[in-house]
Every structure is written in C-alpha cells, then in structure tokens.
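# Residue-level structural notes
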Protein chains: 2
Amino acid sequence: MSKVGSSAMSASEAIAQRRSESLASIVLREMERMILSGELKAGERISEQNLALRLGVSRGPVREAASALERSGLLTSVANRGVFVRHVSTEELLELYDMRALLTGFACARLAERATAEQKAALRAMVEGLEAAHAAGDGAAYYQGNLDFHEALMTFAGHDKAARIYETLLKEAHLSRRGVLAAAPMMQESNTEHADIVAAIAAGDGPRAREAGERHVLNGKRRLLAKVGGGD
Amino acid sequence: MSKVGSSAMSASEAIAQRRSESLASIVLREMERMILSGELKAGERISEQNLALRLGVSRGPVREAASALERSGLLTSVANRGVFVRHVSTEELLELYDMRALLTGFACARLAERATAEQKAALRAMVEGLEAAHAAGDGAAYYQGNLDFHEALMTFAGHDKAARIYETLLKEAHLSRRGVLAAAPMMQESNTEHADIVAAIAAGDGPRAREAGERHVLNGKRRLLAKVGGGD
DNA sequence: CCACTGAAAACTGTCAACAGTTTCACGGTA
DNA sequence: TACCGTGAAACTGTTGACAGTTTTCAGTGG
C-alpha cells in the first residue's frame, strides 16, 4: 500500500530538482501518468493522504491536481469519500469515438488544403512504417505507430483547439482499457484506410479526406463494437 | 477593492446554508459566474486572497477552484503571480467557431434521425419565438433565444459528450465579449438558417441537417469576421 | 456461525500560519 | 525632473493541524 515504487521515483526526483514548477503541476502529471498507464485502475479510489505521502508533498497540491483532473474527466469525486478513477462505460467510449471521428475528419479536410510537402511525406512514411509493423506482425509497434499517425494528423492540421480537444478525448478513451484492444487485430484494414486518408490529402481533395478520416475512426468504433458485442 | 458587493451575496448565502456541497465547488461556480458575466475582465488578475476574503472562505478552496478553471481554459496561472482571466485572441475565437460548427452539424444530423415529435415542435416554437423577437427588434431576447435554440439542439441530440464539449466551448467563447456582438445585427439571416435546420431535421434528412447546422455556425463566424475585420 | 453495535482508526474538508517571491512606494542621486 | 536602489507591504506556494465524516474491526448477543 505504501510502497515507494520506482514508478513514483521520477516524480520524486522532479520534486527534489524543481526550480520554478509548482508541486501541483508535478503531482498533476504524475497522477495523470498513473491513471493512463493503468497503474491506478478504473473505479479505484485514490487516497490523497497516501499519494501525498508517497510523493513527499502535502495534501494541498494533491487536492489541486485532483481538482484539475476531475474537470478534465479522468477522476470523479464523492463528498467526504475522496476521488476515484473514473469508470468509462461502453456507451461513453462509443461517444468518444464519435467525437474523435468528427475531429479527425475536420483535420483531414484541413490538411488536404494546407498540408506542406514535408507533412505529406511524413504521413506517407508513417503509413509505410505501419505497413512494416503489420508485415512483421508487431502489434505493439503498430499500436504506437497508429497513435503517432493520428496525432500527426491533428498536429499538422494547425488547429490548436481541435488538437487540444482531441488530446483530451484520447486520454479519456485510454481510461477504458478496452479501446486498446481494438487496434491490433485489424491492422490490414486499418492501414488501408490510413493510406486512403493520405491519398485524399495528397490529392488536395478536402471533402474526400474528411470523409476518409471520419470513416476511419467510425470503422474503429465498429471494430470495437464487434469485439465487445453485448459483452459488458 | 474589498467591497462585499451584492453580486457575491448569493455565494455567501450558499456558503452559509450549505449542507453537503464542498466550498470548492461553490467557489468554482461563483468564479465561473464572475468571469462569464464580465465582472472580471479578460486579462485581469484574480487575487485569491481577496477572493477568499470576499467569499468568507480560506484560500484552499479558492486554489482548488482556480486549478479546475485553469484546466477548462477560463484561467491561466503564472508562477508566483497568481491566476488571470484568460485572454481569448481573435484567432482562438475563430477556432472556437470551427469546433462549434462541427458539433452543431453533428447534433443536427443526429436529430434528423432520432428527434421526437415533441422535440421537433419545441424547436419550431423556438424559431417562431426568435422570429417574434426579431420582429419586435428585441436584440436581448433574440440573443437569449438564440443561445437556447443552440443549447436545445445539443441537448436533444442525446449525445452527452458532444453536449459537454459544446458547453465548454461556449463558455470559452463568452470570454471574448466580441462574440456576443455578432448575433444581434443579422437576426433575419440567422433565423432563416435556424428555420432551414429545423426543416431538414423535420424532413429526417441527416446530411442536409448536418450541412445546415455546420453552415449556420460558420456563417456566424463569417459575420463576426466581417464585423471585426482586421480591427484587432 | 452470523448479524449488530459502538468505539477507534483513517480519511476528507477546511483553515491558519510560515517561507519565499513579487509588487510598490519612498527617498536619494544625477 | 527622471532614474534607480532599497526596504516594507502584499501575495503566492506549501505545510501542518483541527473538526467532522466514513470506514474498520473487535466484541456482544442471538
């Protein structure tokens, strides 16, 4: 319960070496990491007292961090009982896919009209990398590469608000460890869609790029749904 | 500086009469209200000490509330200097319009397929109310009715995530008092678009509803841009 | 063996105080 | 008059402590 694992070590170091960053923001990052890595499981209670002790800070910064994380949907708090890692229901996960689809489509349409040659090349390279990962049957590499590809789409689009919202949505989706499973099995199908997206962007065809981007994420939702079924 | 104005009174009462709501959440609401009402202007510094004093609480809950509001984009904090009401640039406001357009289009498409007869009737009634406000030249009524109509679109769509994001975006947009001005002048044009949206929804035409919803908000963006020009 | 009671332990919500930084006013100097 | 140190006042970041609530658990009775 009170183990000062190596996982918390980096945060402790950060606290020791801090210069101008507030403890609250360090605790925030650490809590977020713990939640997203699955170190803290969904529905699990977080004792601010224990956490403060483990991180070597007082409860004030921990409460501030928790307050912020609650706002961004990673925690829920119950009066006099503390904060809990939020449980993302299947319905909510599906809604997250809807929103990601919308944003991805938007970004793709934008890229079709403003992507630089370098950006197009980078996207093409990423798709080839994913192809290689698929050929090698390397699920982990595909998973990471897929995340990178989607992040690149949002970043290259040069729309701060869209990228920021997407980031938040992705973190929330990661709360449900189910989302992770959906990507690996259908590598071939998924990467074909990636290629479609890049092709539409390269062709400068906004509507087609938007449709391809949106469809791709919605297909991911469908693939997830097929896997989950009425399972839970 | 230290006036305990009538504006803070309701919050003070809430604090006095509280039963199970945390002080932090009350302070959060009050700060949000102050910011959105324009009582605190963009770029203005918020002294947590003064605020705590005015609300009759200690600095702890104020800091928690500020931490949460920073996360949702209403405040920015600077180390050792405190928190400031965020300044929303024109570029950022335009991006907010993009996102609202996306979400509105999404909601409209959804409504075309799942709106109940009551919901359709309610939307129609709202458009008629707006028409009346326009005829009467009542800008304030039109402004509020317009907000209500858009909120209804998001609520009726039955998509929690979309509604929640929309709400956040709207609050951020309200930070820039420029957005407010855009609605009033073009009542006729704006409400014609509202009618188009409702017609498409009533007809069960998803794509057309989506297009109409998206276009409507983007036209709002265009109207805003025309007004602002290169002004600032 | 199980359900119940009640007191102790643990924890959250809140506050007041301390240390370090920033801001501001004041007085001296060119 | 304008400029620049300098010290006091004000404020933020953080902590430890107190009050009230929840949880735990040993002991009791059925």
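Before any of the text, the structure's been laid out above.
In this report, the structure presented in the accompanying data block is examined. The structure presented is a predicted model; accordingly, all values stated were derived computationally and were not measured. (Residues numbered from 1 in each chain as written. Chains lettered and ligands numbered in written order. Predicted model: local features only at pLDDT ≥ 70, side-chain atom pairs only at ≥ 80, totals over all residues. Heavy atoms only, no water.)

This part is about the sheet that holds strand β3 (residues 82-85) of chain B. Where strands meet in a sheet, backbone hydrogen bonds hold them as pairs that are either parallel or antiparallel. Residues and elements named next belong to chain B. If you trace the 3 strands from one edge of the open sheet to the other, you get β1-β3-β2, paired in antiparallel fashion. In this open sheet, the two strands that pair with only one neighbour each are β1 (45-46) and β2 (75-78). Pairing of β1 with β3, which is carried by 2 bridges, proceeds in the antiparallel orientation. The residue bridging R45 from the neighbouring strand is F84, located in β3. (Pairing = 2+ DSSP bridges. Helix = DSSP H or I, 4+ residues; strand = E, 2+ residues; numbered from the N terminus.)

So, on to the protein's contact with DNA strand C. Near DNA strand C there are 20 residues, and of these Q49, R59 and R63 of chain A together with L23 and R81 of chain B occur at the shortest range. Near the protein, within 4 Å, the atoms of DNA strand C are sugar or phosphate in 76% of cases. Within the backbone of E48 of chain A, one N or O atom sits 3.3 Å away from a phosphate oxygen of DNA strand C. A distance of 3.5 Å is found between a phosphate oxygen of DNA strand C and a backbone nitrogen or oxygen belonging to N80 of chain A. Listed by contribution, the elements that provide at least two residues to the surface near DNA strand C are β1 (45-46), α3 (48-55) and α4 (59-71) of chain A together with α2 (23-36) and α4 (59-71) of chain B. Residue classes in the surface near DNA strand C are distributed as 5 nonpolar, 7 polar and 8 charged. (Near = heavy atom within 4 Å. Polar contact = N/O pair within 3.5 Å; in protein donor to acceptor, adjacent residues only side chain to side chain. Nonpolar A, V, L, I, M, F, W, Y, C, P; charged D, E, K, R; others polar.)

With that out of the way, let us pick up the environment of E30 of chain A. Here E30 of chain A is to be found in helix α2 (residues 23-36). For the pair E30 of chain A and A115 of chain A, spaced 85 residues apart in sequence, the C-alpha to C-alpha distance is 35 Å.

All names here are of chain A. The phi angle at N80 is positive, at roughly 65 degrees, despite the residue not being glycine. With respect to the element layout, N80 can be found in the loop between β2 (75-78) and β3 (82-85). Residue class for N80 comes out exposed when judged on its relative accessible area of 86%. (Buried < 20%, exposed > 50% of the residue type's maximum accessible area, 1.4 Å probe, protein only.)

Now for helix α10 (residues 187-202) of chain A. Because an α-helix packs 3.6 residues into every turn, residues spaced three or four apart end up facing the same way. Helix length check: α10 of chain A (16 residues) gives 22 Å between terminal C-alpha atoms against 22 Å at 1.5 Å per residue, within 8%. Once α10 of chain A finishes, G204 of chain A follows within two positions and takes phi at roughly 70 degrees, a positive value. (Expected span 1.5 Å × (residues − 1).)

Relative to chain B, chain A is turned by 180 degrees and slid 0.0 Å along the rotation axis, the superposed coordinates differing by an RMSD of 0.0 Å. Taken together, the rotation angle and the small translation identify this as a two-fold axis. Looking at the interface residues of chain A, 100% of them are also at the interface in chain B, so both copies use one shared face. (Least-squares fit on C-alpha atoms with pLDDT ≥ 70 in both. Contact = heavy atoms within 4.5 Å.)

Right, let's get into the sheet that holds β2 of chain A. Residues and elements named next belong to chain A. Read across the open sheet, the 3 strands follow the order β1-β3-β2; overall the sheet is antiparallel. Each of the sheet's edge strands pairs with one partner strand only, and the pair in question is β1 and β2. Relative to β3, β2 runs antiparallel, the two being bridged by 4 bridges. Bridge pairing links V78 to G82 in β3.

Bringing the protein's contact with DNA strand D into the picture now. In the vicinity of DNA strand D lie 21 residues, with L23, S58 and R81 of chain A together with R59 and R63 of chain B positioned nearest. Counting only the atoms of DNA strand D that lie within 4 Å of the protein, the sugar and phosphate share comes to 74%. L23 of chain A places a polar main-chain atom, nitrogen or oxygen, 2.7 Å from a phosphate oxygen of DNA strand D. A distance of 2.6 Å is found between a base nitrogen of DNA strand D and a side-chain nitrogen or oxygen belonging to R59 of chain B. Where the surface near DNA strand D is concerned, the elements lending two or more residues are α2 and α4 of chain A together with β1, α3 (48-55) and α4 of chain B. In the surface near DNA strand D, the residues fall into 5 nonpolar, 8 polar and 8 charged.

Further remarks concern the packing of aromatic side chains. Applying the stated criterion across every chain yields a total of 0 aromatic pairs over all chains. Positioned over the ring face of Y97 of chain B is R100 of chain B, at 5.3 Å from the centre of the ring. (Phe/Tyr/Trp six-rings, centres within 6.5 Å; stacked < 30°, edge-to-face > 60°. Lys NZ or Arg CZ within 6 Å of the ring centre and 35° of its normal.)

Don't take any of this as a statement about function, it's just geometry.
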